[in-house]
Amino acid sequence: MAVTQTVPQVMLLHALAKLKDTAARGDAEVARALGWQTSKVNRLRTGQSRITPDDARALATAYGASAEHAETLTGLARAAGARSVHQEMFPAPFRLMIDLEERAGHLRQYQTETVPGLLQTVTYRLALEAGAGVVTGGDLVAHSVRQRQALLTRDDPPRVEFVLSESCLRRVRGGPEVMADQLRALLDVAALERVDLRVLPFDAASAPFASLGYSVVHVPGRDEVDPLTVVYVEQAGDAHYLRDPHRVRAHTELFARQQSNALSPQDTRRVLHAIVDDYDKDSR
């Protein structure tokens, strides 16, 4: 079974695959050179076994990498097994997305029915969990929300773009007070310099249809390691990560069309204020 992936591991495997293709050395040849079993080489390069820093250095050297490049890959292997307590709070299929968020340089996200996890308030998330029959605890949720949202206000925040279907704002989770607080939080986020948040209204008839929410996440490369762009699609307690360039390009273009059909950031803020007023009236 493949080990749970992290961003450094994905980047490491991709870098090793490129080196292998350039070197044109098969698993058996590399295994003989390193004194390993052929099955070990295969398990490591396909992600079925965790690559230790020593493994990464040995493989990189066997594939002809420079000393500097081999050291970079050794560092990736060292980082690949590290996950924060915050990430461990999420089910295994979703942990890679949390890691992608934290390391992203550019994040685009479209949501259909719920406020994106990165933007959720504590009470909104607790309402979602209650609806799903999940009991986490307010303190743990509050810690998770703070940790996840810290990337939006750090010294080097990523460029983040959101397109939210109007359903995200109208679908009541936890009652009108919870929704009013959640939408006020969206207004605060929308005011951040590196955030572009737009609402796709119900009457945007020409907007391209997407039945599922998705994210397009770009992680910058480092040294000789290529950047990483992944499409994340979540559904029914599972998550799918798409790296095929055609799928990535298709979702990137889809997001651009949805964004062009959405309200401007200024009109989005006006709509959010109006819906907050409605929820405030309902809660009196």
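Residues numbered from 1 in each chain as written. Predicted model: local features only at pLDDT ≥ 70, side-chain atom pairs only at ≥ 80, totals over all residues. Heavy atoms only, no water.

**Topic: the nonpolar core**
By size, the foremost hydrophobic cluster in this structure holds 65 residues, and its most contacted members are Leu 73, Leu 100, Leu 183 and Leu 186. Filtering out sequence-adjacent residues up to four positions away, Leu 186 remains in contact with Val 115, Leu 119, Leu 164, Leu 169, Leu 197 and Leu 272. Residues Tyr 110, Tyr 214, Val 231 and Ala 262 belong to the second largest nonpolar core, which totals 14 residues. (Core = buried A, V, L, I, M, F, W, Y, C linked by side-chain atoms within 4.5 Å. Buried < 20%, exposed > 50% of the residue type's maximum accessible area, 1.4 Å probe, protein only. Contact = heavy atoms within 4.5 Å.)

**Side note on the pattern of salt bridges**
By the definition in use, this model includes 19 salt bridges. Where Arg 57 meets Glu 71, a salt bridge forms, and the shortest distance between an N and an O atom there is 3.4 Å. Residue Arg 57 is located in helix α4 (residues 53-62), and its partner Glu 71 is located in helix α5 (residues 67-80); the two are separated by 14 residues in the primary sequence. A relative accessible area of 31% means that Arg 57 is categorised as partly exposed. With relative accessibility at 39%, the residue Glu 71 sits in the partly exposed group. Across the pair Arg 154 and Asp 156 runs a salt bridge, and its minimum N-O distance is 3.3 Å. By relative accessible area, Arg 154 is classed as partly exposed at 26%. Under the relative-accessibility criterion, Asp 156 is labelled exposed at 54%. Overlapping salt bridges bring together Asp 54, Arg 57 and Glu 71 as one network. (Salt bridge = Lys/Arg side-chain N within 4 Å of Asp/Glu carboxyl O. Helix = DSSP H or I, 4+ residues; strand = E, 2+ residues; numbered from the N terminus.)

**Observations concerning the sheet that holds strand β6 (residues 238-242)**
Strand order in this open sheet of six strands is β3-β2-β1-β4-β5-β6, and the pairing throughout is mixed. Two strands bound the open sheet, and with one partner strand each, they are β3 (195-200) and β6. When strand polarity is set aside, the average angle formed by the axes of neighbouring strands in this sheet is 15°. Of the strand pairs in this sheet, strand β4 (residues 214-219) and strand β5 (residues 228-235) are connected by six bridges, and their pairing is antiparallel. Within β5, the position partnered with Ser 215 by the bridge is Tyr 232. (Pairing = 2+ DSSP bridges. Axes fitted to C-alpha atoms, helices over the stretch in contact; angles between N-to-C directions.)

**Points about the pairing of β4**
Burial within β4 is extensive, with five of its six residues counted as buried. Both strand β1 (residues 106-111) and β4 contribute to a ladder of five bridges, which runs antiparallel. Each bridged residue has a counterpart across the sheet, and for Leu 107 the counterpart in β4 is Val 217.

**Quick word on the packing of aromatic side chains**
Overall, the coordinates contain two aromatic pairs when judged by the stated rule. Both rings, one in Tyr 110 and one in Tyr 214, keep their centres 5.8 Å apart while their planes meet at 40°; by these two values the pair is tilted. Note that Tyr 110 is positioned in strand β1 and Tyr 214 in strand β4, a separation of 104 residues in sequence. Classification of Tyr 110 by relative accessible area gives buried; the value is 5%. Between Tyr 232 and Tyr 241 the ring centres are 5.3 Å apart and the planes differ by 50°, which places this aromatic pair in the tilted class. (Phe/Tyr/Trp six-rings, centres within 6.5 Å; stacked < 30°, edge-to-face > 60°.)

**Some points on the environment of Lys 20**
Among the structural elements, Lys 20 can be located in helix α1 (residues 7-23). Placed 43 residues apart in sequence, Lys 20 and Tyr 63 show a C-alpha to C-alpha distance of 5.8 Å.

**Focus: unusual backbone geometry**
Positioned with a positive phi, Ala 24 is a non-glycine residue whose angle comes to about 55°. Within the fold, Ala 24 resides in the loop between α1 and α2 (27-34).

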